[in-house]
2 protein chains.
Amino acid sequence: MKSKDKVTIYDISKKLNISAATVSRALNNNPKISEKTRELVVKTAREMNYKQNRLAQALKQGRTNNVGVIVPYINRSFFSSVIRGIEEELTPHGYHIIIGQSHEEVEIEAEQLNALLNTQIDGIFMSVSKTTQKTDHIKKVLEEQTPLVFFDRKIDIPSVSSVVLDDYKAGYIATEHLIKEGCSRIAHLSGDINLEIYRNRFEGYKKALKDYEIDFNPEYVIQVNSKIESGMQAIDDLWKLEEKPDAIFSAGDYAALGAMQELRARKIKIPQEVCVVGFSNEPFTKYMELPITSMDQTPLMMGKIAAQVFLEQVKETNAYTVEKKVVLPPELIIRDSSNRKLLKLSDVS
Amino acid sequence: MKSKDKVTIYDISKKLNISAATVSRALNNNPKISEKTRELVVKTAREMNYKQNRLAQALKQGRTNNVGVIVPYINRSFFSSVIRGIEEELTPHGYHIIIGQSHEEVEIEAEQLNALLNTQIDGIFMSVSKTTQKTDHIKKVLEEQTPLVFFDRKIDIPSVSSVVLDDYKAGYIATEHLIKEGCSRIAHLSGDINLEIYRNRFEGYKKALKDYEIDFNPEYVIQVNSKIESGMQAIDDLWKLEEKPDAIFSAGDYAALGAMQELRARKIKIPQEVCVVGFSNEPFTKYMELPITSMDQTPLMMGKIAAQVFLEQVKETNAYTVEKKVVLPPELIIRDSSNRKLLKLSDVS
DNA sequence: TTGTAGGCGTTATCAT
DNA sequence: ATGATAACGCCTACAA
């Protein structure tokens, strides 16, 4: 099996009685080469079914034109959209993208990172896992001088660029929206507080409550993961309280979905009795029979901007690394799960 | 930026006053080396923060330990689960996985394939795009002697292995299920007939009708893509017919979802008036307020088996390539959208 | 057990 | 404009 009869520039050079160097130059559009030989070389290369060995080229040039992207999961709409954005921006520049999943495990994340570094990647885009507390494995990337760009879930390391959402503002907007819909006992399903994004959403939530003079009630804050079940469990817990909430602001769409399922099971009307807001604008939020209000994170743009930051970084040859921190505005997509106004309108008809 | 001060085995050898060969052997657990030197080398390698350059290693060894996976989209639950399966099976063998998306475009598919071949991949897993008619770009893979395994969406090429679902049976089972629920005017939302999988689902559907002596009505067959909107459009078309269908068997979950939304908009009761069955068991089918019956393709297993086929193939050194065609059984997950029996039960209570 | 030397396929430098 | 040659970092006969 392993006997690939590879055609090299050497084979071409022999066939044409010229040097391998000339062949290389012809293939790389080197200016100082006659048009005649270039055409000849290109033609015979095609005839002989020559394929450039990027391994050898990369070894020689010290760059692979490959970049790595590490995300917790690729099948979250948010992450796959960011990847798509990076792809669109980088492909025209000749880069290829290697995707790795950490499955939210810091050990796997470290392995993936290591593997990418070994393959001599030209840059790394990453969104850290929930379990990433230590940053040793990430610092190694910097030691290798490999450009690194965080997106969405970052870790504060000096001189490292990042593109993130304004999660504080997002938390504020979501909560404010619920208040304006007439809710006052607003529960918050928070993500893992280890991650900055979830801390920020939580802080934004608290600030909105404060601005509208609603007392913050710690009992209304439940930590969930991004599974349906944890959203159901949260409702279970919340509904044991004396004063039931009249709104749920979930830091994730899956937990919001679980919450809605549990509320439905308890015959609680949405949005009449309880309004629900999710986060991430996963496609399913739109498709539900009762579509869920959710926060859009403009993932495509996030990916594109992250790619641009990377491109600037590699352009700055020898210059000192410029740290760039981009913060994108969130956009609340209001749907039926929190839209009481719409409800009143349809009552009329 | 591009001045990575790489540590090589040469640096280590100089520091320890031994040869680079010895260092290499020590690092690769070569048996004929003294335990003492091995430990010493390993230790100083770590101290000097040595990282093996897999590029050089790959160039020398003729293998990269990388495999490529090409799918239409990574954010379809089915595809990302297959990838997960491949990953789980291959990671323990030291392989890394490079993922590429074709976005259902044969041109992009060809580019991705080419890029992977250039990077000297050790094998390729792929599920072809809808627009793949010509197979020239795929034949190139074979010319390079690179192991290739198709999964789910294959193309019949002699000597190429594949792992697919028994789509014919799946189509049969789905249709039979609808018949047993009392449906007789069963419409079929078919996928692109260019793809074998959709042809097979369609054929299975027809066979079930025949076995149960239901006339096949070509007007009941609408071709859709995997977008919600096309499912809505299909209902629009079907409901212009004299005899409205009383069941929908969709070859995709997204079209099934669109169909259900349109049926709901028309106040048609599911499953009382119309039963709906989808295909792929996308997570959202389970989470809906009215969960959708769907066909599970056991993607995790499909990925694992594809990986095993690949491993066998590379093991067969020099032996003639063995073509292996694996066909997996489908599993119908029955949910509310087609479950009239459940309905009767709950009527009682 | 360890060292020497050549080569994987490419490109860059220095000649010509 | 083209050719010869060295080098990228690693591995592996072959020799010692």
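For the structure itself, consult the block above.
Residues numbered from 1 in each chain as written. Chains lettered and ligands numbered in written order. Predicted model: local features only at pLDDT ≥ 70, side-chain atom pairs only at ≥ 80, totals over all residues. Heavy atoms only, no water.

Side note on the pattern of salt bridges
Next up, step 1: Scanning all chains against the criterion turns up 44 salt bridges over all chains.
Next up, step 2: With a shortest N-O distance of 3.7 Å, A:Lys51 and B:Glu144 are connected by a salt bridge. In this pair, A:Lys51 is assigned in the loop between α3 (35-47) and α4 (54-61) and B:Glu144 in the loop between α7 (136-143) and β4 (148-151), connecting two distinct chains. The two residues A:Lys51 and B:Glu144 agree in class, both being buried.
Next up, step 3: Residue B:Glu88 is joined to B:Lys304 by a salt bridge in which the shortest nitrogen-to-oxygen separation is 3.3 Å. In this pair, B:Glu88 sits in helix α5 (residues 77-90) while B:Lys304 sits in helix α13 (residues 299-315), placing the two residues 216 residues apart along the sequence.
Next up, step 4: Judged by its relative accessible area of 29%, B:Lys304 is partly exposed.
Next up, step 5: Salt bridges linked by common partners bring A:Lys154, A:Asp156, A:Glu196, A:Glu323 and A:Lys325 together as one network. (Salt bridge = Lys/Arg side-chain N within 4 Å of Asp/Glu carboxyl O. Helix = DSSP H or I, 4+ residues; strand = E, 2+ residues; numbered from the N terminus. Buried < 20%, exposed > 50% of the residue type's maximum accessible area, 1.4 Å probe, protein only.)

Side note on the interface of chain A and chain B
Next up, step 1: Contacts between chain A and chain B engage 59 residues on the former and 59 residues on the latter.
Next up, step 2: Summing both sides of the interface, chain A and chain B together bury roughly 5500 Å²; the carbon and sulfur share of this comes to 54%.
Next up, step 3: Along the contact surface separating chain A from chain B lie 4 salt bridges.
Next up, step 4: Run the count over chain A and chain B and you get 14 residue pairs in polar contact (both at pLDDT 80 or more).
Next up, step 5: Here the side of chain A that touches chain B is composed, by residue class, of 21 nonpolar, 23 polar and 15 charged. (Contact = heavy atoms within 4.5 Å. Buried area = accessible area lost by both parts, 1.4 Å probe. Polar contact = N/O pair within 3.5 Å; in protein donor to acceptor, adjacent residues only side chain to side chain. Nonpolar A, V, L, I, M, F, W, Y, C, P; charged D, E, K, R; others polar.)

Observations regarding the sheet that holds strand β10 (residues 293-296) of chain A
Residues and elements named next belong to chain A.
Next up, step 1: Taken in spatial order, the 6 strands make up an open sheet running β7-β6-β8-β9-β10-β12, and their pairing is mixed. Unpaired on one side and paired on the other, β7 (221-223) and β12 (331-333) mark the two borders of the sheet. Sheet twist, expressed as the mean angle between neighbouring strand axes with direction ignored, is 20°.
Next up, step 2: The pairing of β10 with β12 spans 3 bridges and is classified as antiparallel. (Pairing = 2+ DSSP bridges. Axes fitted to C-alpha atoms, helices over the stretch in contact; angles between N-to-C directions.)

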